[in-house]
Amino acid sequence: MLSLSSIQASDVEALEQFELENRAFFERHINARPASYYAAGGIAAAVRESQRAESADSAYQFLVRNPANELVGRVNLTRVRRENFHSAELGYRIGQSFNGRGYAREAVRLVLEVAFGRLRLRRIEAGVRPDNFASVKVLAHNGFVQFGRSTRSFQVAGTWHDLLHFERHES
């Protein structure tokens, strides 16, 4: 149904359009990116940084496309820790007009295949606000188990939020 691809220089234009179209939607749920990200050349610089991080085995960012080849979202593995942990943190975002179609669930399933397969990771963590019921469902559907909760642990637009902590181990 969906495909994942590492971010390439040729994706900058589509990524700029996706990020600008969904900026307000994303910023209602997560902290805003710096203004420099949206300035001329900002997303291209972020793509180059993504490629450097992938080469350094410290983070992996993927674009999510539907069968019509539309960019519908992003899924990321960040804070990769190899020695003693073999773990990473999961993050994902699906464009507003593509919500409710099962794309997040499928994108997470696909990135777990990459994480536990090609990348040989053993544990993936994810953090979700308790009021983000859809993401909690996505994680549960993909075998994540909640292992903790931190209170007033991060701030979005001046408001402090709790965070639920989930993990998934290689099967």
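The shown structure was predicted, so the numbers you read here are calculated from the model rather than taken from an experiment. (Residues numbered from 1 in each chain as written. Predicted model: local features only at pLDDT ≥ 70, side-chain atom pairs only at ≥ 80, totals over all residues. Heavy atoms only, no water.)

Q: Could you clarify how one ought to interpret the pairing of strand β7 (residues 159–169) in this entry?
A: As a general feature of sheets, a regular strand has side chains that alternate between the two faces. The pairing of strand β5 (residues 123–128) with β7 spans 6 bridges and is antiparallel. Each bridged residue has a counterpart across the sheet, and for Glu-125 the counterpart in β7 is Glu-167. As defined by bridge partners, strand β6 (residues 145–156) adjoins β7 across 8 bridges and the pair is classed as antiparallel. Within β7, the residue paired with Val-156 across the bridge is Thr-159. (Pairing = 2+ DSSP bridges. Helix = DSSP H or I, 4+ residues; strand = E, 2+ residues; numbered from the N terminus.)

Q: It is not clear to me how the pairing of strand β3 (residues 71–81) should be interpreted in this structure. Could you clarify?
A: With 8 of 11 residues buried, β3 lies mostly within the body of the structure. Summarising the sheet, strand β2 (residues 60–65) and β3 pair through 6 bridges and their orientation is antiparallel. Residue Gln-61 lies in a different strand from β3, and its bridge partner there is Asn-76. The hairpin formed by β2 and β3 contains 5 residues between the paired strands, and Asn-69 there has a positive phi angle of roughly 65°. Strand direction decides the pairing type here: β3 and strand β4 (residues 87–94), joined by 7 bridges, are antiparallel. Paired with Arg-74 across the strands is Arg-93, a residue of β4. Between β3 and the antiparallel strand that follows it, β4, lie 5 residues; Asn-84 among them carries a positive phi value of about 70°. (Buried < 20%, exposed > 50% of the residue type's maximum accessible area, 1.4 Å probe, protein only.)

Q: How do you make sense of the sheet that holds β6 when you look at a structure like this?
A: Through backbone hydrogen bonds, the strands of a sheet pair up, either in parallel or in antiparallel fashion. Strand order in this open sheet of 7 strands is β1-β2-β3-β4-β5-β7-β6, and the pairing throughout is mixed. Edge strands, defined here as strands with exactly one partner in the open sheet, are β1 (3–6) and β6. Each strand of the sheet is rotated relative to its neighbour by a mean of 30°, with strand direction disregarded. Contacts between helix α1 (residues 12–27) and the sheet are confined to β2, β3, β4 and β6, with β3 contributing the most and set at about 85° to the helix. (Axes fitted to C-alpha atoms, helices over the stretch in contact; angles between N-to-C directions. Contact = heavy atoms within 4.5 Å.)

Q: How do you make sense of the pattern of salt bridges when you look at a structure like this?
A: Side-chain pairs of opposite charge can arise where the charged atoms are in close proximity. In the structure shown here, the tally under the stated rule is 15 salt bridges. Among the ionic pairs, Asp-11 bridges to Arg-65, the shortest N-O distance being 3.3 Å. Of this pair, Asp-11 sits in the loop between β1 and α1 while Arg-65 is found in strand β2, placing the two residues 54 residues apart along the sequence. Each member of the pair Asp-11 and Arg-65 is classed as buried. (Salt bridge = Lys/Arg side-chain N within 4 Å of Asp/Glu carboxyl O.)

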